[in-house]
Amino acid sequence: MIDRRQVMQFRVGAQQLDRIEGTPADTAVLDLGVQDTGPDGGRWALALRGVEVTAPVADDLILLWTVRGAPHLYRRADVAEVAGAVAPYSDADAGKRIYDAARPLKAAGIGNLAALDEVAARMRAVVTTPTVKGDVSGRLAELLPEPYQRFCRPCAATHLYEMPFRLAAVRAGLELRPGTSPPVLHRIPGFTRPAPPGDRFDLVRAYLRLLGPATPKQVADYLDAPVREVRARWPQDVVEVRVDGEARSLLAADEPALAGAADTTAVRLLAPFDLFLQARDRSTLVPDAAHAKQLWPVLGRPGAVLAGGEIVGTWRPRKAGRALTLAVQPWRKLSAAVHDDIVAQAQRLAAHRGLARVDVDVDPGGV
């Protein structure tokens, strides 16, 4: 039996949230991908793990649309293996990942993988120089037949379905230019074709390594893949553990780290889409249902305050000119030391954003 506190401490260590400095080469979360969503996205997630993305470091990273169609940062040197790892496992898997786009393709007798390859080939031909997403989409709408397209009411225009567009980009050898809105796509220098990912970049193994122990369903939910596809690729070198009575799997090599997971005093301001919060066992992360509802609302997610291996509250930023205000909602009484560490982390976030001042407003009702 493993209690949830051990699981939380294990994940803090596995994701290196308790370290001071590091490099992209030794940053474990870059094997699975670091989601780059929102103003405190991928770069802040790396900063929390000791990697400041300055100009030389930025050159070592690449931004791709991958898991769940979201933008993720990876090491540029790993791009071929990453492209192989994030490809759908089968036609059925591709159909699940592209959501409602699969229905018209099926009606037209077009396979899902064949459709992704067709979109990728057209995208590759269109994007010969850096090109804004809207221009790529408009050109593809002229080149591809009706089963690939839908009418977009907000734009009052016909576009490709969004998920095939995003998932085909890596197949086309295209990356995203960081910091562009709308996104700018361009060709990955030297990219030829995906490579077999091997154990390190295998998504099932990477999830277990960074977010384990886990079940096949939890991994499948993270990938937007069918559970049967994940089960078929479940590693052989796993051990079974029980977390609060539920049978889960862990890579055997990580069993000593889980059993010996030590308490941490690290305090971190996790952004809403930090990998630590992406685990699909939310009741393990946040057992209290009311607190979970605050952390994962339908719209407008806050960040999470991580202290001592536990999520102890939420935070929301508000920028006004050169100043940043952080509204912190604790879920329990905070010690003076944790309060001071939150202020220090807020100052770090303001500096990361290039802002001159930060004010921290801790709700006294939660203290």
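Quick caveat: nothing in here was measured; it's all calculated off a predicted structure.

Description of the packing of aromatic side chains
Step number 1: Tallied over the full model, the rule gives 2 aromatic pairs.
Step number 2: Ring centres of tryptophan 65 and phenylalanine 165 lie 5.9 Å apart, and the angle between their planes is 65°; on these two criteria the pair is classed as edge-to-face. On the criterion of sequence distance, the pair formed by tryptophan 65 in strand β2 (residues 61-65) and phenylalanine 165 in helix α10 (residues 162-171) is long-range, its members being 100 residues apart.
Step number 3: Of the residues examined, tryptophan 65 reaches a relative accessible area of 3% and is grouped as buried.
Step number 4: The residue whose ring lies beneath arginine 68 is tyrosine 222, and the NZ or CZ to ring-centre distance is 4.7 Å.
Step number 5: Above the face of the tyrosine 89 ring, arginine 97 is positioned so that its terminal group lies 5.5 Å from the ring centre.

A look at helix α9 (residues 133-143)
Step number 1: Three or more residues of α9 are buried, namely Lys133, Val136, Ser137 and Leu140. Down the axis of α9, the smallest arc covering the buried residues is 95°, so these residues share one side. In α9, the exposed positions angled more than 90 degrees off the buried face are occupied by Asp135 and Glu142.
Step number 2: Of the surrounding secondary structure, the elements contacted by the buried residues of α9 are β2, α8 (112-126), β4 (131-132), β6 (157-160), α10 and β8 (184-187).

Concerning unusual backbone geometry
Step number 1: The omega angle of the peptide bond from serine 181 to proline 182 is 5°, so this bond is cis rather than trans.
Step number 2: Checked against the element boundaries, proline 182 lands in the loop between β7 (174-176) and β8.
Step number 3: Following glycine 212, the chain continues into proline 213 via a peptide bond in cis, with omega recorded as -5°.
Step number 4: Relative to the elements of secondary structure, proline 213 occurs in the loop between α12 (203-211) and α13 (216-223).
Step number 5: Backbone geometry places tyrosine 99, a non-glycine residue, at a positive phi of 55°.
Step number 6: Note that tyrosine 99 resides in the loop between α6 (91-97) and α7 (102-107).
Step number 7: Looking at tyrosine 99, the relative accessible area reads 42%, which means it is partly exposed.

Quick look at the packing of α8 against α10
Step number 1: Taken N-terminus to C-terminus, the directions of α8 and α10 make an angle of 70°; their axes are 8 Å apart at the nearest point. In terms of orientation, α8 and α10 fall into the roughly perpendicular class. The handedness of the crossing between α8 and α10 is right-handed. Facing α8, whose interface residues are Leu113, Leu116, Asp117, Val119, Ala120 and Met123, α10 presents Pro164, Phe165, Leu167, Ala168, Ala169 and Arg171.

Focus: the side chain of asparagine 112
Step number 1: With respect to the helices and strands, asparagine 112 occurs in helix α8.
Step number 2: Each residue touching asparagine 112, except ones within four places of it in the same chain, is listed here: Asp91, Ala94, Gly95, Ile98, Ala102 and Leu105.

Brief notes about the packing of α9 against α10
The description of two packed helices rests on the angle between their axes and on the distance between the axes.
Step number 1: Here α9 crosses α10 at 110°, and the two axes come no closer than 12 Å. Comparing their axes, α10 and α9 come out roughly perpendicular. Contacts from Lys133, Val136, Ser137 and Leu140 in α9 reach Glu162, Phe165 and Arg166 in α10.

Quick look at the environment of proline 71
Step number 1: Within the fold, proline 71 resides in strand β3 (residues 71-75).
Step number 2: Here proline 71 falls in the buried class, since its relative accessible area comes to 16%.
Step number 3: As for proline 71 and valine 34, which are separated by 37 residues in sequence, their C-alpha atoms are 8.2 Å apart.
Step number 4: Apart from residues lying up to four places away in sequence, proline 71 is in contact with Val34, Gln35, Asp36, Thr37, Leu63, Leu64, Trp65, Arg166 and Leu176.

Analysis parameters
Residues numbered from 1 in each chain as written. Predicted model: local features only at pLDDT ≥ 70, side-chain atom pairs only at ≥ 80, totals over all residues. Heavy atoms only, no water. Phe/Tyr/Trp six-rings, centres within 6.5 Å; stacked < 30°, edge-to-face > 60°. Helix = DSSP H or I, 4+ residues; strand = E, 2+ residues; numbered from the N terminus. Buried < 20%, exposed > 50% of the residue type's maximum accessible area, 1.4 Å probe, protein only. Lys NZ or Arg CZ within 6 Å of the ring centre and 35° of its normal. Arc of directions from axis to C-beta. Contact = heavy atoms within 4.5 Å. Axes fitted to C-alpha atoms, helices over the stretch in contact; angles between N-to-C directions. Parallel < 35°, antiparallel > 145°, perpendicular 65-115°, else oblique. Left-handed = near helix turned anticlockwise from the far one by under 90°.

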